[in-house]
Every structure is written in structure tokens, then in C-alpha cells.
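Listed below are the residues making up each chain.
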Amino acid sequence: MSLNNYKYVGLVGCYTKAGQADPFEATLGGVPHDRTLVGEGVIAIGVDDDGRLSYLNDGAPVITAKELENPSYLTILENVESEEGGVVVCVVSELEEGKWQPFRVSASNDDGATIRAKPAGAPMKSGGEYPCHITSARVVGFDGESKATSLLFICNYGEQEGVLSIFSSHDSAFKPEAKFMFGDGSKADLNRQQCSHAHSTSIASTCDPYSPVDICVADLGSDAIVQFSIKSGRVRETGRLAAPQGSGPRSLMFNPKYNHLAIVSLEMTGETWLIRRRSHDGCLEGLGSPVSILPSEWPSSDMTESQYNQGRWASDAIWSEDGKYVYAAARLHDSISVFELKYRVDKYRDNTVVAEGLELVQRISTEGRTPRCLCMSDCGQFLLVAHQHSHDVSSFERNEVNGKLALVDRITLPNAACIKLIRADKL
């Protein structure tokens, strides 16, 4: 079958070792699941016009565990030019000796249906321990010239402290640019917050390519959102927003349409939090109290889930492409809560969008166990979920009018940790 039969190609990073990224592993033996299944690397799947899923390459990994162990997260650099075509995909290896590596991913010229990945550079040290997140941005003027530079931001979760590492791409070659250590944790939870844990990064988009770029890091260990600014090749910390004590900020994403707004997933309290950048000084502030992503009075004391931090284990939180809806995943409850952004337009402030809160419109089962990563298609039609402990990926169709989800399909992928989508015609 040709790639012409698919709207998207999904690249799924899978843990190649058992018992990974589970905070209950040491004390409770981990969340129950089939431990005989482990991932084989990065797997390519096809997503058709209806959201149905199929294996590409007959399910064989495009990047094997032998090439890169524990490839738990990846980012796609669509604008890096190459005579070979395709895209550059940068993948982290979530191990104590953290590494990452770029690959050139493209469709085979032979049949147009096989996805291949070739190393686009040697493995590089990630700058810390257990890198768990990688993202990228194009920044104009970073090297003092007018052309855009691709920057990579890697969050190293760390055993001793969380570390943000920044790399730049020059003529398809990557080099380290900066590294920031986050130090001690909040110690609100002595089991998980003795030290900082950098978990994810989000970039605030801007209409002006020459203006400073804001990046923010969710630090689960210190209960903080750490803010940085990039301008003229310099990266500096500009502020910190304190999250509620013991909440554990995990996932962070700026609104794709209203870039002064962002959503934060609070892993340890099972909540999501709407925040904003203030217009007068660019600093972050919370908008009201965090909102629970769990049903009230769940779990009951006799349920197995209650022994795992009272059932509170949030994972990803993302915006819809139109910026109107938030999708927040809850592990253990294995659900997605859909929230509508409530706002008003202030005509006296250049029609600024003023956020007023989040309103729950749906809570739906993810149809799997331990939803670790959510991915929205750029057309806004589909949402895909990587399930770590039921070993699969599920696809949902999204109603663009009311934001609600409906299950379409599932496909088996052991220890699925992350999924990213690329339009098939770009390969």
C-alpha cells in the first residue's frame, strides 16, 4: 500500500526496557501490566483520512533498540533542508547516561510505502540523566545572521537534578549551546521532589521572527515553571512561576492561537492549570485555581487505584489547533478530560483575548491503560494517544464544533511512550 493511502505518518517512540518511568515502581512494584512485552524502538504507523491506523514496514522498527535504547520521546524538524528529502527526527534515549541522536526519515523510492531512517549524525550526550522530552524551534538571528537556526531543547529528568540542554543546528550539524541546572526540589513530596526534575519544554510562538523567543520548562521536582528568553544568541532565565506545593508540573503547552496563554498538567495532584504571560512585563501568572481532571470522589478507598497516590497521576495536556479546547489525560483513571476555554474579547485593549477559565465538556475513556502522550493532528481532526501499559495507540476523531472525541481505532505497540505526526506527503 502506498503512502498516498494515508493522511499522516505517525512515529511512535517505545520504551525498550521494562518498568520504565513509573514513580510507583520502587515502593509498590509499579502499576500492574504485562511486563513480558517491551518496545522495539521507533515504529511507523499510517493514519488514513478516517483516522484508522495501520502498521508501516510491517510493524518493524524504523529505529531499532540496537541503534538507540529507550527512545521515549522525539521531535520532527520539518524545515531542515536536505537533498535526500524527508524530515529530520531527533530522538532521546531515556537512560541514566542520557543521549540523543538525529535521523533522516523518508519514504523509500522503491515502493513509496516503506519508511526508512538513516542517522543524520552521531549520538550526542544529552547533558544530563534520563532525558524525557525534546522539542525544537526555528529562531532568526540566533547566530548573528538573518537566517533561521534550528534549536533543540532537551529536558533531562535527572536523579540528582533536572537539566535543560540546548543544541543548535548549523548546516545539518548539531552542537551544544547552553545548559541550565535547576538544583534542589521543593521537597513537598520527599519521595519525588528531593531535587528538581525538568520534564517538558514549550515555546511561545510569536508573529515577529526577530523578537525574543520565550521558552518555559515544567519542573516537576521544584513545583515551578521556569521561564527563559532567547535573543541574539543568548539564553537567560527571566523568571519562575511557583505552582501549588506538591503538584508536580509535568506537561506544558502554549496556546497555538493566543500565545499569551498556556496549559500546565500537574501530575501529582491530577489537575490542569491555565496560566498566562502578562502583557506589561512578560512574566507568568496563574489564572485561578487548578482544575481537577478526575471525577469527584474517585477513586474510592476500596479500589486498587487508590494505593497509587490516591489515583492522581496526570500526564499530557494539549490544546486543539484552533486554541479553543484543552485535552488533559489522566493515568490510572485512563481518561481524557476535554475543556473549553472560556474567554471574552476586550475591545478596549486591541481586542485582547481575556481568559476566564476552563469548562468541562467531556470526560472519555482512552480505551487503554496509562495514556502517556497525546498528539493532535495539524488539521485538528484527530487526536492520538500512546498507552504505555496496555501497549497500544488509540485514535480519536475530534468534533471541531464542540471539541468532543469519539474513538476510531487501536493498534498494538508495546510500551508506547510518545507519538508525533507528520503529513504523509512531506515524506
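Structure: above.
Here's a quick rundown of the structure. Worth saying up front: this structure is predicted, and the values here are computed from it rather than measured.

A separate point is the overall build of the chain. The helix and strand inventory of the chain stands at one helix and 31 strands. Its C-alpha radius of gyration of 20 Å places the chain within 12% of the 22 Å reference for a compact globule of 427 residues. In terms of principal-axis extent, the alpha carbons of the chain reach across some 55 × 55 × 45 Å. Residues classed as buried in the chain amount to 56% of the 427 residues present. Long-range contacts, defined as pairs at least 24 residues apart, comprise 54% of the intrachain contacts of the chain with a sequence gap of at least 6. Counting every atom, the chain has about 17,500 Å² of accessible surface; 44% of that belongs to carbon and sulfur. Between the centroid of the 41 positive side chains of the chain and the centroid of its 56 negative side chains there is a distance of 4 Å.

Moving on: the pattern of salt bridges. Taken as a whole, this structure holds 18 salt bridges when the rule is applied. Arg250 serves as the salt-bridge partner of Glu267, at 3.6 Å between the closest nitrogen and oxygen. Placement of Glu267 in the loop between strand 19 (261-266) and strand 20 (271-277) and of Arg250 in strand 18 (residues 249-254) is noted, with a sequence separation of 17 residues between them. What makes Arg250 buried here is its relative accessible area of 6%.

With that settled, the discussion passes to the sheet that holds strand 17 (residues 234-242). Taking strand neighbours across the sheet as the criterion, the four strands line up as 14-15-16-17 in an open arrangement whose pairing is antiparallel. Of all the strands in the sheet, just strand 14 (198-204) and strand 17 have a single pairing partner and so form its edges. The sheet shows a mean angle of 25° between the axes of neighbouring strands, taken without regard to direction. As paired strands, strand 14 and strand 15 (residues 213-219) are joined by six bridges and run antiparallel to one another. Paired with Ala198 across the two strands is Asp219, which belongs to strand 15.

We now examine the nonpolar core. Ranked by size, the top nonpolar core spans 53 residues in total, and within it Val9, Ile45, Trp100, Ile115, Leu384 and Val393 carry the most contacts. Leaving out residues up to four positions away in the same chain, Val393 has contacts with Val12, Ile45, Leu53, Leu384, Val385, Ala386, Asp409, Arg410, Ile411, Leu413, Ala416 and Ile419. In this structure, Ala317, Phe339, Ala355 and Leu358 belong to the second largest nonpolar core, which totals 23 residues.

Excluding glycine, residues mostly have negative phi values, and the peptide bonds linking residues are mostly trans. Pro299 follows Trp298 through a cis peptide bond whose omega is -5°. You can see Pro299 is positioned in the loop between strand 22 (291-292) and strand 23 (314-319). Phi at Asn309 takes a positive value of approximately 55°, unusual for a residue other than glycine. Judged by relative accessible area, Asn309 falls into the partly exposed class, the value being 24%.

Our next topic: the environment of Ile215. For Ile215, the location among the structural elements is in strand 15. In the structure, Ile215 is positioned 23 residues away from Thr238 in sequence and 9.9 Å away in space, judged by C-alpha atoms. With residues up to four places along the chain from it excluded, the contact list for Ile215 reads Phe153, Leu164, Ile166, Thr201, Ser202, Ile203, Val226, Gln227, Phe228 and Ile230.

As for its position among the elements, Asn415 is in the loop between strand 30 (405-412) and strand 31 (416-423). The contacts of Asn415, once residues within four sequence positions are left out, are Gly13, Cys14, Tyr15, Lys17, Ala18, Leu37, Val38, Gly39, Gln388 and His391.

Attention shifts here to the pairing of strand 30. Bridge analysis of strand 29 (residues 392-398) against strand 30 gives seven bridges, and the strand direction is antiparallel. Residue pairing across strands places Arg398 opposite Leu405, the latter belonging to strand 30. Linking strand 29 to strand 30, which pair antiparallel, is a turn of six residues; within it Gly403 sits at a positive phi near 80°.

On to the state of the cysteines. According to the stated counting rule, one finds zero disulfides in the structure shown. Sulfur of Cys375: no disulfide; nearest cysteine sulfur belongs to Cys373 and is 6.5 Å away.

As a further point, take the sheet that holds strand 23. The strands making up a sheet are joined through hydrogen bonds of the backbone, oriented either antiparallel or parallel. Within the open sheet, the four strands sit side by side as 23-24-25-26. Their pairing is antiparallel. In this open sheet, the two edge strands, each paired with only one partner strand, are strand 23 and strand 26 (352-365). Within the sheet, the average angular offset between the axes of one strand and its neighbour, ignoring direction, is 20°. Of the pairings in the sheet, the one linking strand 24 (residues 325-330) to strand 25 (residues 335-346) comprises six bridges and is antiparallel in character. Counted as the bridge partner of Ala330 is Ser335 from strand 25.

Locating Leu261 in the fold gives a position in strand 19. Along the sequence, Leu261 and Gln194 sit 67 residues apart, while their C-alpha atoms lie 30 Å from each other. In this view, Leu261 contacts Phe254, Asn255, Ile275, Arg276, Leu287, Leu341 and Ala355; residues no more than four positions away in its chain are not counted.

Turning to the pairing of strand 6 (residues 87-93), a few remarks are in order. For a regular strand, side chains alternate in direction, first toward one face of the sheet and then toward the other. The buried count for strand 6 comes to seven of seven residues, which makes it a mostly enclosed element. Along strand 6, one buried face is formed by Val87, Val89, Val91 and Ser93 and the opposite face, lined by Val88, Cys90 and Val92, is buried too. Sheet topology places strand 5 (residues 73-77) next to strand 6; five bridges connect them, and they run antiparallel. Of the residues in strand 6, the one forming a bridge with Tyr73 is Val92. Alignment of strand 6 against strand 7 (residues 99-107), held across seven bridges, turns out to be antiparallel. Bridge assignment links Val89 to a residue of strand 7, and that residue is Phe103. Adjacent in sequence and paired antiparallel, strand 6 and strand 7 are bridged by five residues.

The rules behind the values
- Residues numbered from 1 in each chain as written.
- Predicted model: local features only at pLDDT ≥ 70, side-chain atom pairs only at ≥ 80, totals over all residues.
- Heavy atoms only, no water.
- Helix = DSSP H or I, 4+ residues; strand = E, 2+ residues; numbered from the N terminus.
- Rg over C-alpha atoms; globule rule 2.2 N^0.38 Å.
- Buried < 20%, exposed > 50% of the residue type's maximum accessible area, 1.4 Å probe, protein only.
- Contact = heavy atoms within 4.5 Å.
- Areas by Shrake-Rupley, 256 points an atom, 1.4 Å probe, with all protein chains shown as cover.
- Lys, Arg positive; Asp, Glu negative; His and termini not counted.
- Charge placed at Lys NZ, Arg CZ, Asp CG, Glu CD.
- Salt bridge = Lys/Arg side-chain N within 4 Å of Asp/Glu carboxyl O.
- Pairing = 2+ DSSP bridges.
- Axes fitted to C-alpha atoms, helices over the stretch in contact; angles between N-to-C directions.
- Core = buried A, V, L, I, M, F, W, Y, C linked by side-chain atoms within 4.5 Å.
- Disulfide = S-S within 2.5 Å.

Honestly, it's all geometry; don't read function into it.
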